[in-house]
Every structure is written in C-alpha cells, then in structure tokens.
Amino acid sequence: MMKPILSGCKEPLSLSPHSGVILERLCALPLQKASFLGSSSGDSSPGLSEDIFTSLSSTGSIPDLNARRTPSLKTEREQAVSDEARDDDPEEDVSEFSCPASLPSISLLSPKAMETAGQIIRFAAEQQDKAKMALRLRQEMQEKLVAEVAEVASEQLKRFEEFMELKQRQEFQSMRDMLNRETKESIGRQEKLKEEQRHRLKILNLRLREAEQQRLREAEHERLRQSDGRERLRNLNTIQEEILQLNQLLEPSTQTRSDLPPASLSCFSTRGNQLCSQLSEVVRKTAEGEFPSVEDMTMSERALHEMRALIRLMQEEVAKAQEKKKKEQDEEEQGRKQVELQVQQEAQKKAVETAKEKAKRKGLQNSAEESTLKWFRELQEAAARCQEALQQLNCPKDAQTKKLKLELQKAASIPVSQISSNSGSQLREIFDKIDKLLSGRGLVSGGRTISTSQHPQGLDFVSYKLAEKFVKQGEEEVASHHEAAFPIAMVAAGVWELHPRVGDLILAHLHKKCPYAVPHYPPMKEGTTVEDYQRIIGYRVDDSGVEGQDSFLKRMSGMIRLYAALIQLRWPYGSKQGSAPHGLNHGWRWLAQMLNMEPLADITATLLFDFLEVCGHALMRQYQSQFWKLILLLKEEYFPRIEAVTSSGQMGSVIRLKHFLETSLQSRQIRPPKGQLNSAFWSS
C-alpha cells in the first residue's frame, strides 16, 4: 500500500542545463538568502533545511552538480531497485525517508526551485504521515485481527474443552450405565438364587412336614394298634374266663350223669375241652408279648358262641331227659327234679354274675355309684317340684303378678351380676341384699320396696332364680375370668349356709347343666334323639345346631371351677358353727369317683385339671399323704387311660394336666389358686 504513495518521492530530482547559472548566483548570495530559503520552505522540517543548505554550500559550483548528475542518475536507478526490494518492509522505507542523510544532495538556485523543493519536502512529510497513519491503521487492523483470531481460538478451545468434558461425561455415564446394568444383573442373579433357595427350603419344609405327619400318623397308628391290642387282650381274657366257667358246666356231674347218657356227656365234654384248647393257643401267643389279632378274636368269639350253644344244647338235652324221667317217675320225683333244676339255674346265674363281677373289677365303671346317682336324682326331683310349684308365678294371668314377677327376678339377678373382687365391703353389701331378700324383708329396688312375702310363691321363685343365676355366672363369667370364681363362690357359700334350700337348688342347676359335677356320664337311652342326648350331657343345642367343642369345654370348665371354689369356702361373717354345708369331703368324693370311672376324651382331662388347679391346694392341706397317694394313682394308672382315649387333636388339656401332675409330684406342693380372697381384701 505504501509503494504507490511514496513512488513520487523516491524518484531522483534532475535539473536542466541552464540551472547552473542559477546555482552560481545562489552561491554569491549572502547568508540571508540561505535564511530565506529556510523560511520559504514553509512546513518542511528544520533538519531538512539545514541539510539542503549544507549541501548547497558544499557543492561550490554548477559543474560540480553537473559532474554529479551522472552518478545521481545511477543512484536513482539503484534507489528504484532498492525500493522494489523494500516494498515488503514499509518500516525500512519510512526510516529512509525520515533520515536526512539519505536524501540526495541538491542545490537550489532560485526561489521557485526552493519552493518546489519545499513542496517536495512537504509532500514527502505528508506522504510519510499518511504512511504512518496507514501503518498505524494496518497495525490496529492486525492487532484487531490477532485479537479476533485469539478470541476465535479461545472460543474454539472452550468448545473443544466442552466437547472433551461432554465426551468424558458420556464415557462416565456409559460406564455408570454399564455398572448399573451389571449391578442389576448381579442383583437379579442374587434374587434368582434366593428364590431358588427359598423354593428349595419350601420343598424341604414340605418334606419335613410330610415326614413329621407321616411319623405322627405312624405313631397314632401304633398307639391305636396298641390300644386295640390291649382292648382285644382284655376281651380275650374275659372270653377265656367265661369259656372256662361254661366248660365247668360241661363237666360230668351227678345230675348230668343221671340225666344224660354217657355218650352225650362225653361228646359235650370233649367239644368243650377242644374249644378251651383252641383258646389256650391264642392266649399262649399273647403271653409272648403279642397282641391277639382280629382273626384270633373272631375265632375266640366263635368259640364262645359255640360254647354257649353247647351249654344250651346240653341244657335242652337235660331238659328233655328230665321231661322223660318226669313221665317215668311219680309226682314226688318230678318235684325233686324241679327243685334240683332250680338250684342248677341259680348256680348258673351266680356263675354268670361272678364272671361279670370279675370283668367289672378288671375295668372301671361306666357310671357313678348307686348312692351318688340316688343323690343326683333326688336333687333333680326337688328342683322339678319347685319349678312345678312356681307355675302360677311363671305364667301370671294379671298385670300386677307379672310386674311382681319381673321385680322379684331383677332383685335376685342384679346383685349376683354385681359380684366382683373390687372390695370386701362391696361384697358384704351384695350378700346383705340377697340375705334380706331371702329372709322376707323389704328390699328397695327401682324406687319400690320388694319382698318375697308379697306372693305365696315369692320365696321359692327367688330361691330358684337365685340358684340359676349363680350357676349361670359360673357358666359365663368364671369361664371367661377364672379369678371370678372365688367372690361368686364366697357369696354362694354364705347364702347356702343361711338358706340351705338355695344350696340344693344350686347343686340341682349345676348338675343339670354340667352332669360331670356329680360326676355322672348319662347313658343314651333307647328312643332318645341325638340332639336330646347332647342336651342331657351338657351341650347347647338350638336352631343353628350344636355348639362347638371349645365353647362346650369352656362352659364346663367355668362351672367346675365354681364348684371347686364353693366346696372350700365359708362366709367369714357367718354365725353358725361346725362344718360347711358342702365342704371339702364332697370334693374328695368327686375326685375319687372320677378316678373310678372310665375317662372320656377331652372332657375328663379338662375337668380334672380345672378342679385340681382351684381345689388342689385345699385338698392337699386337708388330706395330706392320702391326697398325694390319690395324685400318684392318677398319674401312674389313670392318666395312661386318658391318653389312650384322647386323639391327637385333643392333646391340649392332656398336656396341661400332665404338666400339673408332674410339677406337683416333683415339688410335693400345689400352689394356692389365683384370685383367692385374703384378709387384705376383706379390709378394703
């Protein structure tokens, strides 16, 4: 850009041949001419004026200038070549122009020439300024370009760094995704392994349960087999005993020898001995530790039936022989034979009764003793007579009697429902209300004064309802809260002591709802339906059906616990002396009678445990060593019978009873029952 601008300045100046005259005159001018030359140059630099004046003074004459013309032309050509060489470096051009020594030495002889020289110098300065300005602009442009390039490079570097960071994040994300996938796969494999392990454990548990069930089934089967075997063995012994007794009847006696021919007697005796031998072979197997099989029992029963048939046949032949002799003999002989026949029949009956008695002694009773049953029937008959006598009050015909009935029923039921173990004073208050009602004194109830004397049947009605309510509390309240047995039994014992008729009615209601409190196992009579029989033995039967076994056992347990608490308590504020109206001797009788009867599944173990847990401590203190003998008998002889009749699904009560017996026998001590009323209670 600087080359076309400075091209005019680089061309060397040339003068005409006539300029020599001018230069000579200029040399003659005084020194102020030179000053004028300097002043006429205008804006040219002082350095340049001095250089020009020096050059003019150094020339001396025109010939010198002409003499230097040729070299100056040569110098112009060299300068042009050097300018072309320095076109690529403007700074060197500027430095050449800025240096006065580089300018050609000229001598001006006229003002016009000086003016021209000054214009040239000014033009050169202007061109130099323009070149500097252009150089500065180019430098600024270069700097701006460099800045822009640097900024672009910086932006590109940032983009590159961002790209590298993005790439690193992508690689990190891909690595994290890969790790997550591997983790998920590892977790999946672990879950699969766990699932397989759980499945294997489940299968193993199922197999273990199946094995345990199989073992239990086998144990149950073995127990049943043992039980059936023992039962068959007992039956076999009974059959053998009966056959031996019947075989004695086949032995030739004086009577049979005279009545029957020897051939018939020998035949009967031989066959009887054969039957005894067959049965002896079966019994011999059992002596070796084996139980008789079903086939053995079938054969034994067949032998028994055949023996009985032989006896009947012999008796028939004896009868025929006797009849024949009766025809042959006179009336006296016939009467004698009849007497002998009667004696023989009595002997047979006695033998049968003896056999039955022996069989009975080998086993336990299936019912209570006759005296116990008589007592039970008397109580039930008395309660039935009382209920019949209350027919007029139970079915009132007028509104006043109906209202009186409801008020008497509330007066009898509400105090019993309020019995609790909160405080002794409250219990005494309830007892006083009941005693006042039974004594015929007025009792305020519902704002009115109620008395049993207001109706002829009022006392019997209140006594009956009161006894019924006491038993119902045992059936419901004591069954749910075992500790409630003692406060209820305490009030009942006090009422029983002052009013014995109420006590008999309590026993009657208790025996009717729970015959096991007698104890009594009512047999099923002919013509009795299943539902009626279930009612007789204590089950609740309504339109929805028979109650469940758990509910039945719970009610029976509550009533037995009430009875066990009742027989050991006496009202502490009573005035009567002597023994309690229904004391511990009845508990001893009940326990002994239970152990003399065949156990029933589930119910026997439940009742024994509840009775002993409530009353065992009192019986132990009363009977001491005799009581422990009874408990030992229960543990060693009676308890195996309970286990024999109890199925695997009913073992809860059996296990509780077994634990109670073992703990008691080991420590020779029975703990006092929970809920027992102490002296601190009566002071509250």
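Residues numbered from 1 in each chain as written. Predicted model: local features only at pLDDT ≥ 70, side-chain atom pairs only at ≥ 80, totals over all residues. Heavy atoms only, no water.

Draft legend 1. Quick peek at the overall build of the protein. Of the regular secondary structure elements, the protein holds 26 helices and four strands. Across the 684 residues in the protein, those meeting the buried criterion constitute 36%. Residue pairs in contact within the protein that sit at least 24 positions apart in sequence constitute 75% of those at least 6 positions apart. Working note: accessible area of the protein is about 41200 Å², and carbon and sulfur atoms make up 53% of it. (Helix = DSSP H or I, 4+ residues; strand = E, 2+ residues; numbered from the N terminus. Buried < 20%, exposed > 50% of the residue type's maximum accessible area, 1.4 Å probe, protein only. Contact = heavy atoms within 4.5 Å. Areas by Shrake-Rupley, 256 points an atom, 1.4 Å probe, with all protein chains shown as cover.)

Draft legend 2. Structural view of the side chain of Ser664. Turning to its location among the elements, Ser664 is positioned in helix α25 (residues 651–667). Residue classification places Ser664 among the buried residues on the basis of a relative accessible area of 4%. Not counting residues within four places of it along the chain, the set of residues in contact with Ser664 comprises Trp628, Gln669 and Ile670.

Draft legend 3. The arrangement of empty space enclosed by the protein in detail. Taken as a whole and assessed by the stated rule, the structure comprises one cavity of 30 Å³ or more. A volume near 60 Å³ is recorded for the largest cavity. The greatest single-element share of the lining of the largest cavity, amounting to three residues, is contributed by helix α18 (residues 485–498). (1 Å grid on protein atoms, 1.4 Å probe; cavity = no way out; pocket = protein on both sides within 12 Å on 5 of 7 lines; lining within 4 Å. Points joined across faces, edges and corners; volume = space filled by probe spheres on them.)

Draft legend 4. Just the packing of helix α22 (residues 584–595) against helix α23 (residues 603–623), in detail. Between α22 and α23, whose axes approach to 10 Å, the crossing angle comes to 135 degrees. With respect to each other, α22 and α23 are oriented oblique. For the element pair α22 and α23, the recorded crossing hand is left-handed. Taken together, the residues of α23 that come into contact with α22 (itself represented by Leu584, Asn585, Gly587, Trp588, Trp590, Leu591 and Met594) are Thr604, Leu607, Leu608, Phe611, Leu612, Cys615, Ala618, Leu619, Gln622 and Tyr623. Split into classes, the residues belonging to the contact of α22 with α23 amount to 13 nonpolar, four polar and no charged. (Axes fitted to C-alpha atoms, helices over the stretch in contact; angles between N-to-C directions. Parallel < 35°, antiparallel > 145°, perpendicular 65-115°, else oblique. Left-handed = near helix turned anticlockwise from the far one by under 90°. Nonpolar A, V, L, I, M, F, W, Y, C, P; charged D, E, K, R; others polar.)

Draft legend 5. Quick look at the layout of surface pockets. Estimated volume of the second largest pocket: approximately 640 Å³. In this structure, the second largest pocket is lined by 26 residues; those nearest its centre are His511, Lys512, Lys513, Arg535 and Ile536. Among the secondary structure elements, those contributing two or more residues to the lining of the second largest pocket are α13 (370–389), α17 (458–480), α19 (500–513) and α20 (530–536). Classifying every residue of the lining of the second largest pocket gives eleven nonpolar, seven polar and eight charged.

Draft legend 6. Highlighting the pattern of salt bridges. The final tally for this structure, using the stated rule, is 21 salt bridges. With its nearest N and O atoms 2.4 Å apart, the salt bridge here joins Glu547 to Arg555. Assigned by exposure class, Glu547 and Arg555 land together as buried. (Salt bridge = Lys/Arg side-chain N within 4 Å of Asp/Glu carboxyl O.)

Draft legend 7. Structural context of the nonpolar core. Formed by 98 residues in total, the largest nonpolar core has its most connected members in Ile434, Leu466, Phe470, Tyr516, Leu608, Phe611 and Leu612. Among the elements that take part in this core, α23 stands out by supplying twelve residues, more than any other. The next biggest cluster of nonpolar side chains, apart from the first, holds 19 residues, and it includes Leu250, Phe268, Met307 and Val318. (Core = buried A, V, L, I, M, F, W, Y, C linked by side-chain atoms within 4.5 Å.)

Draft legend 8. Just unusual backbone geometry, in detail. Cis peptide bonds are those with omega within 30 degrees of zero, and the linkage from Val518 to Pro519 qualifies with 0 degrees. For Pro519, the position within the fold is in the loop between α19 and α20. For Asp602, which is not glycine, the phi torsion reads 75 degrees and is therefore positive. With respect to the secondary-structure elements, Asp602 resides in the loop between α22 and α23. Despite not being glycine, Gln624 shows a phi value in the positive range, around 50 degrees.

Draft legend 9. Main features of the environment of Pro456. Tracing the backbone through its elements, the reader meets Pro456 in the loop between β2 (448–450) and α17. Exposure remark for Pro456: the relative accessible area of 78% places this residue in the exposed category. As for Pro456 and Leu390, which are separated by 66 residues in sequence, their C-alpha atoms are 9.7 Å apart.

Draft legend 10. The packing of aromatic side chains, seen in detail. Under the defined criterion, the tally for this structure stands at twelve aromatic pairs. Centre to centre, the rings of Tyr516 and Phe552 are 6.4 Å apart; their planes meet at 75 degrees, and the pair counts as edge-to-face. A residue pair is termed long-range when its members are at least 10 positions apart, and Tyr516 in the loop between α19 and α20 and Phe552 in helix α21 (residues 549–566) qualify at 36 residues. When its relative accessible area of 5% is taken as the criterion, Tyr516 is described as buried. Through a chain of ring-to-ring contacts, the aromatic side chains of Phe431, Trp571, Tyr573, Phe681 and Trp682 assemble into a single cluster. Over the ring of Tyr573 we find Arg428, and its NZ or CZ is 3.9 Å from the ring centre. (Phe/Tyr/Trp six-rings, centres within 6.5 Å; stacked < 30°, edge-to-face > 60°. Lys NZ or Arg CZ within 6 Å of the ring centre and 35° of its normal.)

Draft legend 11. Just the environment of Ile311, in detail. Among the secondary structure elements, Ile311 is positioned in helix α11 (residues 294–328). The exposure class of Ile311 is buried, given its relative accessible area of 6%. Ile311 sits 62 residues away from Leu249 along the chain, and the two C-alpha atoms are 7.5 Å apart. Apart from residues lying up to four places away in sequence, Ile311 is in contact with Leu246, Leu249 and Leu250.

Draft legend 12. Geometry of α18. The end-to-end C-alpha distance of α18 is 20 Å, a good match for the 20 Å that 14 residues give at a rise of 1.5 Å each. Counting buried positions over the 14 residues of α18 gives 13, a clear majority of the element. (Expected span 1.5 Å × (residues − 1).)

Draft legend 13. Inspection of the packing of α19 against α21 at higher detail. Put simply, α19 and α21 touch, their axes get as near as 11 Å, and they point 150 degrees apart. Of the possible angle classes, the one that applies to α19 and α21 is roughly antiparallel. As α19 runs across α21, the sense of the crossing is left-handed. Seen from α19, the contacting residues are Leu507, Leu510 and Lys513; seen from α21, they are Met556, Met559 and Tyr563.

Draft legend 14. Region of the structure containing a nonpolar patch on the surface. On the surface, a cluster of nonpolar side chains totalling about 400 Å² of accessible area is made up of Leu157, Phe160, Phe163 and Met164. The residue Met164 is located in helix α8 (residues 111–250) in this model. A residue is classified by how much of its surface remains accessible, and Met164, at 32% relative accessible area, is partly exposed. (Patch = residues over 30% accessible without salt bridge, like charges linked within 9 Å, V, L, I, M, F, W, Y side chains within 5 Å.)

That is the geometry; function is a separate question.
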